[in-house]
Amino acid sequence: MDTGSSTALRTEEFGTLADGAVVHRWTLERDGTRVRVLTYGGIVQSVEVPGRDGVRAGVALGLPDLAGYKTYAGPYFGALVGRYANRIGGACFELDGQTHRVTRNEGRNHVHGGARGFDKRVWQAREVADGVRLSLVSEGGEEGFPGCLTVSATYTLDEGGALRIAYRATTDAPTVLNLTNHTYWNLAGGDSGSALGQVLRIAAGRITPADAESLPTGEFLPVDGTRFDFREPKPVGAGYDHNFVLDGAGSGPVAELYDAVSGRVLTVTTTEPGMQLYTADHFDGRPFGPCAGIALETQHFPDSPNRPEFPSTVLRPGEEYVSTTVYGFAVR
């Protein structure tokens, strides 16, 4: 099929699940960037880009086979997360006067879509110009969420090798929706050890502080004079799992990560109002050690269904959910 693509595309079988479902891997390559995407969980298995020396290396934490993603499901390596990325407090929310109880899978709370979220589903794939579109129908009641949801995620490589992920969704009943990609980045190379010390900039003057359960308190905390101030680039330290309130989302890069040794630069542009910075402190060496990658999860805010002061995540019939994040790559 001629899609008019400038991106080289190929697909292959990657493995088979216990129920017989076949998982495929799509490879996208353009202008020095090579990306591999799985139909299982919409997972970005690998991203390879050149460094200052011209040598291409993998900069996203990924696993070599399907068994690995089944064994190490909890870290959500590279996964498409939904229906609701991040947390919903008490695993319940009220919508139009009705209380909906969703799966509890982190203590008393709901996180990242529940026991069988979008990261554990096999998506239908078809080739599009410059990439692949993954599609899924999530029936009403799955993991407790109302509404039958029709959702797609399109992975393409733009000119220059930037990875674009564009999400769209519609519903037949009022629901809440918050999608993200959960790639862990290490610009020195995914097998290089800790990513701490790589230099990060985030265009965010505030965060939404969290309690001991990682649920937002409802406050907006200015970053001035705190360790959360990344408005000027500085090395990343340990101990981050926080939502940053982005300034100017949709109008230019909201984050930049830089590795001085390789010269690789990652920029993040998004339409989303927030970004969760997670430094993966709790990795225990199976299969990666502490802080082996840095997650920059573009999304709406945690627990928004229970926080009317936050941007709404409600999706209604007749509306369309549209969200785009672009990961650009360069050398400095």
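Here the structure is a predicted model, which is why all the values come from computation and not from measurement.

Looking only at helices and strands, one finds one helix and 28 strands in the protein. Rg of the C-alpha trace for the protein: 19 Å, near the compact-globule value of 20 Å for 332 residues, within the 12% margin. For the protein, the C-alpha atoms occupy an extent of roughly 60 × 55 × 40 Å along the three principal directions. Expressed as a percentage of the 332 residues in the protein, the buried residues total 55%. When contacts within the protein are restricted to residue pairs at least 6 apart in sequence, long-range pairs at least 24 apart make up 64% of them. Carbon and sulfur atoms make up 49% of the accessible area of the protein, which totals about 12900 Å². Averaging the locations of the 30 positively and 40 negatively charged side chains of the protein gives two centres separated by 1 Å.

This paragraph deals with the sheet that holds strand β1 (residues 8-16). Pairing within the open sheet is antiparallel, and its five strands lie in the order β1-β2-β3-β4-β5. Edge positions in the sheet fall to β1 and β5 (56-58), since each has one partner strand and no second. With strand direction ignored, the average angle separating the axes of adjacent strands in the sheet is 15°. The sheet contact formed by strand β2 (residues 22-30) and strand β3 (residues 33-38) spans six bridges and is antiparallel. Considered in β3, the bridge of Leu28 is made with Val35.

In this section: the sheet that holds strand β26 (residues 294-299). Strand order in the open sheet formed by six strands is β17-β26-β25-β22-β19-β20, and the pairing between neighbours is antiparallel. Each having just a single partner strand, β17 (184-185) and β20 (221-222) make up the two edges of the open sheet. The sheet contact formed by β17 and β26 spans two bridges and is antiparallel. Paired with Trp185 across the strands is Ile294, a residue of β26.

With that out of the way, let us pick up the side chain of Glu297. Residue position: Glu297 is located in strand β26. Buried within the structure, Glu297 lacks any salt-bridge partner; Arg87 is the closest side chain of opposite charge, at an N-O distance of 7.3 Å. A polar contact of 3.4 Å, which involves the side chain of Glu297, links it to the side chain of His182. For Glu297, the contacting residues outside a window of four places in its chain are His112, Thr180, Asn181, His182, Gly274, Met275, Gln276 and Tyr278.

Once that is clear, we can look at the packing of aromatic side chains. In this structure the tally under the stated criterion is 16 aromatic pairs. Ring centres of Phe228 and Tyr240 lie 5.9 Å apart, and the angle between their planes is 80°; this geometry places the pair in the edge-to-face category. Separated by 12 residues along the polypeptide, Phe228 in the loop between β20 and β21 (234-235) and Tyr240 in the loop between β21 and β22 (241-245) bring together distant segments of the chain. On the basis of relative accessibility, which here comes to 11%, the residue Phe228 falls in the buried class. Ring centres of Phe228 and Phe244 lie 6.3 Å apart, and the angle between their planes is 65°; on these two criteria the pair is classed as edge-to-face. Here the residue Phe228 occupies a position in the loop between β20 and β21, and Phe244 occupies one in strand β22, the gap between them amounting to 16 residues. An aromatic cluster of at least three residues, connected via ring pairs, comprises Phe77, Tyr184, Tyr278, Phe283 and Phe288. Across the ring face of Tyr240, the terminal group of Arg227 is positioned such that the distance to the ring centre comes to 4.5 Å. Positioned over the ring face of Tyr258 is Arg332, at 4.7 Å from the centre of the ring.

Along the polypeptide, Glu256 turns up in strand β23 (residues 255-258). Residues Glu256 and Ala115, 141 residues apart in the sequence, show an inter-C-alpha distance of 32 Å. Not counting chain neighbours up to four residues away, the residues in contact with Glu256 comprise Val199, Leu200, Arg201, Val265, Leu266, Thr267 and Arg332. One polar contact links Glu256 to Arg332, side chain to side chain, over a distance of 2.9 Å.

Reading guide: rules and limits
Residues numbered from 1 in each chain as written. Predicted model: local features only at pLDDT ≥ 70, side-chain atom pairs only at ≥ 80, totals over all residues. Heavy atoms only, no water. Helix = DSSP H or I, 4+ residues; strand = E, 2+ residues; numbered from the N terminus. Rg over C-alpha atoms; globule rule 2.2 N^0.38 Å. Buried < 20%, exposed > 50% of the residue type's maximum accessible area, 1.4 Å probe, protein only. Contact = heavy atoms within 4.5 Å. Areas by Shrake-Rupley, 256 points an atom, 1.4 Å probe, with all protein chains shown as cover. Lys, Arg positive; Asp, Glu negative; His and termini not counted. Charge placed at Lys NZ, Arg CZ, Asp CG, Glu CD. Pairing = 2+ DSSP bridges. Axes fitted to C-alpha atoms, helices over the stretch in contact; angles between N-to-C directions. Salt bridge = Lys/Arg side-chain N within 4 Å of Asp/Glu carboxyl O. Polar contact = N/O pair within 3.5 Å; in protein donor to acceptor, adjacent residues only side chain to side chain. Phe/Tyr/Trp six-rings, centres within 6.5 Å; stacked < 30°, edge-to-face > 60°. Lys NZ or Arg CZ within 6 Å of the ring centre and 35° of its normal.

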